[in-house]
Amino acid sequence: MATSVREKQTVALKRMLNFNTPPLKNAAAEPVWKVLIYDRFGQDIISPLLSVKELRDMGITLHLLLHSDRDPIPDVPAIYFLMPTEENIDRICQDLRSQLYESYFLNFISAISRSKLEDIASAALAANAVCQVTKVFDQYLNFITLEDDMFILCHQNKELISYHAINRADIQDTDMEAIMDTIVDSLFCFFVTLGAVPIIRCPRGNAAEMVAVKLDKKLRENLRDARNSLFTGDSMTAGQFSFQRPLLVLADRNMDMATPLHHTWTYQALIHDVLDFHLNRVMMEEGAGTDPSQAGARPKKKTKKTYDLTAADTFWQKHKGSPFPEVAESVQEELDAYRAQEDEVKRLKSIMGLDGEDEGAISMLSDNTAKLTSAVSSLPELLEKKRLIDLHTNVATAVLDHIKSRKLDVYFEYEEKLMSKSTIDKSLLDVIGDPDAGTPEDKMRLFLIYYITAQQVPSETDLEQYRKALLNADCDLSPLNYIKQWKAFTKMASGPANYGNSGVKPMGLFSRVMNTGSQFVMEGVKNLVLKQHNLPVTRIVDNLMEMKSHPETDDYRYFDPKMLRGSESSIPRNKNPFQEAIVFVVGGGNYIEYQNLVDYAKSKPGRKVVYGCSELFNAAQFMKQLSQLGQK
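Residues numbered from 1 in each chain as written. Predicted model: local features only at pLDDT ≥ 70, side-chain atom pairs only at ≥ 80, totals over all residues. Heavy atoms only, no water.

### Examining the overall build of the protein
For step 1, the next point in the chain: A tally of helices and strands in the protein yields 22 helices and 17 strands.
For step 2, the next point in the chain: Every one of the 632 residues in the protein was classed for burial, and the buried ones make up 51%.
For step 3, the next point in the chain: Once local pairs closer than 6 in sequence are excluded, the contacts in the protein between residues at least 24 apart make up 78%.
For step 4, the next point in the chain: Accessible surface for the protein amounts to roughly 29,900 Å². Of this, 54% is attributable to carbon and sulfur atoms. (Helix = DSSP H or I, 4+ residues; strand = E, 2+ residues; numbered from the N terminus. Buried < 20%, exposed > 50% of the residue type's maximum accessible area, 1.4 Å probe, protein only. Contact = heavy atoms within 4.5 Å. Areas by Shrake-Rupley, 256 points an atom, 1.4 Å probe, with all protein chains shown as cover.)

### Quick notes on the packing of helix H7 (residues 173–194) against helix H8 (residues 207–224)
For step 1, the next point in the chain: Where H7 meets H8, the axes come as close as 9 Å, and the angle between the chain directions of the two elements is 55°. Taken together, H7 and H8 sit at an angle that is classed as oblique. For H7 against H8, the interelement crossing comes out right-handed. When H7 is examined against H8, the residues Met 176, Glu 177, Met 180, Asp 181, Ile 183, Val 184, Asp 185, Leu 187, Phe 188 and Phe 191 are found in contact with a partner set consisting of Ala 207, Met 210, Val 211, Lys 214, Leu 215, Lys 218, Leu 219 and Asn 222.
For step 2, the next point in the chain: Its residues assigned to classes, the contact of H7 with H8 comprises 12 nonpolar, 1 polar and 5 charged. (Axes fitted to C-alpha atoms, helices over the stretch in contact; angles between N-to-C directions. Parallel < 35°, antiparallel > 145°, perpendicular 65-115°, else oblique. Left-handed = near helix turned anticlockwise from the far one by under 90°. Nonpolar A, V, L, I, M, F, W, Y, C, P; charged D, E, K, R; others polar.)

### Quick notes on unusual backbone geometry
Backbone phi values are negative for most residues with the exception of glycine, while trans is the configuration of most peptide bonds.
For step 1, the next point in the chain: At Phe 19, a residue that is not glycine, the phi angle is positive and equals roughly 60°.
For step 2, the next point in the chain: With respect to the element layout, Phe 19 can be found in the loop between helix H1 (5–17) and strand E1 (34–38).
For step 3, the next point in the chain: The phi torsion at Leu 279 lies on the positive side, around 50°, for a residue other than glycine.
For step 4, the next point in the chain: Within the secondary structure, Leu 279 sits in the loop between strand E10 (276–278) and strand E11 (281–286).

### Brief notes about the sheet that holds strand E2 (residues 60–65)
For step 1, the next point in the chain: Here we have 5 strands laid out as an open sheet, ordered E2-E1-E3-E4-E5, and parallel in their pairing. Only two strands of the sheet have a single partner each, and these edge strands are E2 and strand E5 (133–138). Strand-to-strand twist of the sheet, defined as the mean angle between neighbouring strand axes without regard to direction, takes the value 20°.
For step 2, the next point in the chain: In the sheet, E1 pairs with E2 via 5 bridges, with the strands oriented parallel. Looking at the pairing, Lys 34 lines up with Ile 60 of E2. (Pairing = 2+ DSSP bridges.)

### Description of a negative patch on the surface
For step 1, the next point in the chain: A grouping of Glu 86, Glu 87, Asp 90 and Asp 119 is seen on the molecular surface, where their side chains present a negatively charged patch.
For step 2, the next point in the chain: Structurally, Asp 90 is set in helix H4 (residues 86–98). (Patch = residues over 30% accessible without salt bridge, like charges linked within 9 Å, V, L, I, M, F, W, Y side chains within 5 Å. Salt bridge = Lys/Arg side-chain N within 4 Å of Asp/Glu carboxyl O. Lys, Arg positive; Asp, Glu negative; His and termini not counted. Charge placed at Lys NZ, Arg CZ, Asp CG, Glu CD.)

### Structural notes on the sheet that holds strand E6 (residues 144–147)
For step 1, the next point in the chain: Across the sheet, which stays open at both edges, the 7 strands sit in the order E6-E7-E17-E16-E9-E8-E15 with mixed pairing between neighbours. Edge positions in the sheet fall to E6 and strand E15 (557–559), since each has one partner strand and no second. Strand after strand, the sheet turns through a mean of 20° between neighbouring axes, direction not considered.
For step 2, the next point in the chain: As paired elements, strand E9 (residues 247–252) and strand E16 (residues 580–586) share 6 bridges and run parallel to each other. In the sheet register, Val 249 faces E16, and the bridge partner there is Val 583.
For step 3, the next point in the chain: Packing of H7 onto the sheet brings it into contact with strand E7 (150–152), E9, E16 and strand E17 (608–613), and relative to E16 it is tilted by some 165°.

### Considerations on the pattern of salt bridges
For step 1, the next point in the chain: If you walk through the whole model with that rule in mind, you get 31 salt bridges.
For step 2, the next point in the chain: Here Arg 245 makes a salt bridge to Asp 560, at a shortest N to O gap of 2.7 Å. With Arg 245 in the loop between helix H9 (234–239) and E9 and Asp 560 in the loop between E15 and E16, this residue pair connects regions lying 315 residues apart in the sequence.
For step 3, the next point in the chain: Accessibility expressed as a relative area gives 16% for Arg 245, which makes it buried.
For step 4, the next point in the chain: Lys 604 is the partner of Asp 542 in a salt bridge, and the nearest nitrogen-oxygen pair spans 4.0 Å. Placement of the pair is Asp 542 in helix H20 (residues 536–545) and Lys 604 in the loop between helix H21 (591–603) and E17, with a sequence separation of 62 residues.
For step 5, the next point in the chain: By relative accessible area, which is 9% here, Asp 542 ends up buried.
For step 6, the next point in the chain: Judged by its relative accessible area of 26%, Lys 604 falls in the partly exposed class.

### Considering the nonpolar core
For step 1, the next point in the chain: Counting residues in each nonpolar core, the largest one holds 116 residues, and the members touching the most others are Ile 183, Leu 250 and Ile 271.
For step 2, the next point in the chain: Discounting residues that sit within four places of it in the chain, Leu 250 has contacts with Leu 187, Ile 200, Arg 201, Cys 202, Pro 203, Ala 208, Val 211, Ala 212, Phe 584 and Val 586.
For step 3, the next point in the chain: Within the second largest apolar cluster, 36 residues are counted, among which are Leu 428, Leu 446, Met 623 and Leu 629. (Core = buried A, V, L, I, M, F, W, Y, C linked by side-chain atoms within 4.5 Å.)

### Quick look at the pairing of E9
For step 1, the next point in the chain: Counting buried positions over the 6 residues of E9 gives 6, a clear majority of the element.
For step 2, the next point in the chain: Alternating positions in E9 separate into two faces, Leu 247, Val 249 and Ala 251 on one and Leu 248, Leu 250 and Asp 252 on the other, with burial throughout.

### Brief notes about the environment of Ser 627
For step 1, the next point in the chain: Summarising the element assignment, Ser 627 is placed in helix H22 (residues 619–630).
For step 2, the next point in the chain: Counting along the chain gives 147 residues from Ser 627 to Leu 480, while the straight-line C-alpha distance between them is 7.7 Å.
For step 3, the next point in the chain: Among residues more than four places away in sequence, those in contact with Ser 627 are Asp 476, Ser 478 and Pro 479.

### Focus: the pairing of E5
Two faces belong to every sheet, and in a regular strand the side chains alternate between them.
For step 1, the next point in the chain: Sheet topology places strand E4 (residues 101–108) next to E5; 5 bridges connect them, and they run parallel. Residue Leu 106 lies in a different strand from E5, and its bridge partner there is Val 136.
For step 2, the next point in the chain: In terms of handedness, the path from E4 via helix H5 (residues 114–126) over to E5 forms a crossover that is right-handed. (Right-handed = clockwise from strand over helix to strand, strands pointing away.)

### Thoughts on the packing of helix H14 (residues 379–406) against helix H15 (residues 408–419)
For step 1, the next point in the chain: Following both chains from N to C, one finds H14 and H15 inclined at 75°, their axes separated by 6 Å at the closest point. As far as their axial angle goes, H15 and H14 are roughly perpendicular. Two secondary-structure elements touch here, H14 through His 402, Ile 403 and Arg 406 and H15 through Leu 408, Asp 409 and Tyr 411.
For step 2, the next point in the chain: When grouped by side-chain class, the residues that make up the contact of H14 with H15 number 3 nonpolar, 1 polar and 2 charged.

### A word on the environment of Thr 303
For step 1, the next point in the chain: Secondary-structure assignment places Thr 303 in strand E12 (residues 303–308).
For step 2, the next point in the chain: The partly exposed category is assigned to Thr 303, whose relative accessible area is 44%.
For step 3, the next point in the chain: Taking C-alpha positions, Thr 303 is 5.3 Å from Glu 286, a pair spaced 17 residues apart along the chain.
For step 4, the next point in the chain: Not counting residues up to four positions away in its chain, the partners in contact with Thr 303 are Met 284, Glu 285 and Glu 286.

### Regarding the environment of Leu 230
For step 1, the next point in the chain: Structurally, Leu 230 can be placed in the loop between H8 and H9.
For step 2, the next point in the chain: We classify Leu 230 as partly exposed; its relative accessible area is 23%.
For step 3, the next point in the chain: C-alpha of Leu 230 to C-alpha of Ala 196: the two residues are 34 residues apart in sequence and 9.8 Å apart in space.

What follows is the structure in structure tokens.
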């Protein structure tokens, strides 16, 4: 496709903020000033895509939450962007009755039902405001794009479609239907925005299959309804230069439980693992610790800082997938380059300050005027560079503190060895028993990965030993109860997932970064370099995109919503490899898999892979869900 989903979703939002007409090209025209009213869902969709400045450029003077106290602004049009829920509709009706704004443009994130529309209509009649409700639109934007090639379904109420919700032992059929409908609704919105009807492949007998069946039905019904089909007309022809349709691979979290628990080594995934990172924003506490000079001083108050890691941040785009040591080195290099530029500007300043009498100085002045002009014109650029360097210095330092205090490099290396079944030089009990290595949670994650990847389930006596060691280290053992059930169940279904022959080769300790001038004191942290290997989800995608025959994926079902009769065949019609795939993990995903797919797509020129998941959790959040499942 010509553009990424992120661009398409941004275009759709801008169009909506311009009263659902395409924005004009000439920038000279003054925008119409207006207010934007959204709910939390709308806020989460807009915030990763449009900054406050961009909203202002589009004429949005105020953006307010629907359920906040809002004052009437009688002469301004209001654009609403929200989910069609009961309480939201009630609140809109109340706004109409209170005559808050001049005119109302109602945009629903997901399609609104007939009965709710009638509620609004009757409220408008009662409030005598029919002519003020100018437009009502279904936007089909019920998903959140985080990267050009990554999306999640929702951030609010995500516990309703979490791994825990889908895999509860006591789940009712009606609950399961509701969860699946929520997921399918968002995926449907995704494909409407993308403007393409996918070919769907999924494994049999799990939640992913339920999603596939429902999505196939929903797409099929929409394509049949010729008058109202969302996949015809201008939206389809505009974006499509490729005649080939994308492949949607629906995967289930249960196919690979080790990766979400894995300690990681790339920048973006590490930030997500150890810091508070969601919707492309990092929350950090700063200013901790006391000032050593005054004994007995009160500790400084911690301030919360937020940093946005956006597409415009070139350093982030280049390094989010790099191993951490490389990132630390690059930040240092950027800092050195910046300092050199800054010194140059300072040097010119001091020359300009010389006395005019001196002959030499005058001749130098004429040379330097040109230089100074260029230096001054590069100042905004320099300041932006400085801001990004500071941002990454702070974030990387925070990550490094975690790596050092928890010995995350040791965990990462050990788990990689477990997952690739290579020889292990140190016994698991030693790592669990080492009081300096990691938090109880780190130990539990390591043990679960060992348990998940083990060919033979450990004997009862061994398990008892591990159990004691884990309890001594203050670990919560409830996740293990669930993983035991899970392992017994998957063992019946299929063999253990294969993690490829990955491996890490330690490259000796850091050389450059060890110089004393560096910001980052990396002593004792191993400089591990990753060897490219494919995780289970990437291997599945590879088999299906390249049409390879493989026992893992031969049994996958095949749906084509465009075929007139839904045939229950798993035989693909076309034998050509796909150029584009969308992978969607039902039950939650993580940045490790995302990064693995990005690396895979890079190694295949002309292939595009987009990663999506029902929610994005880090290991701590996943462990919490597992322990809730284990406490039943």
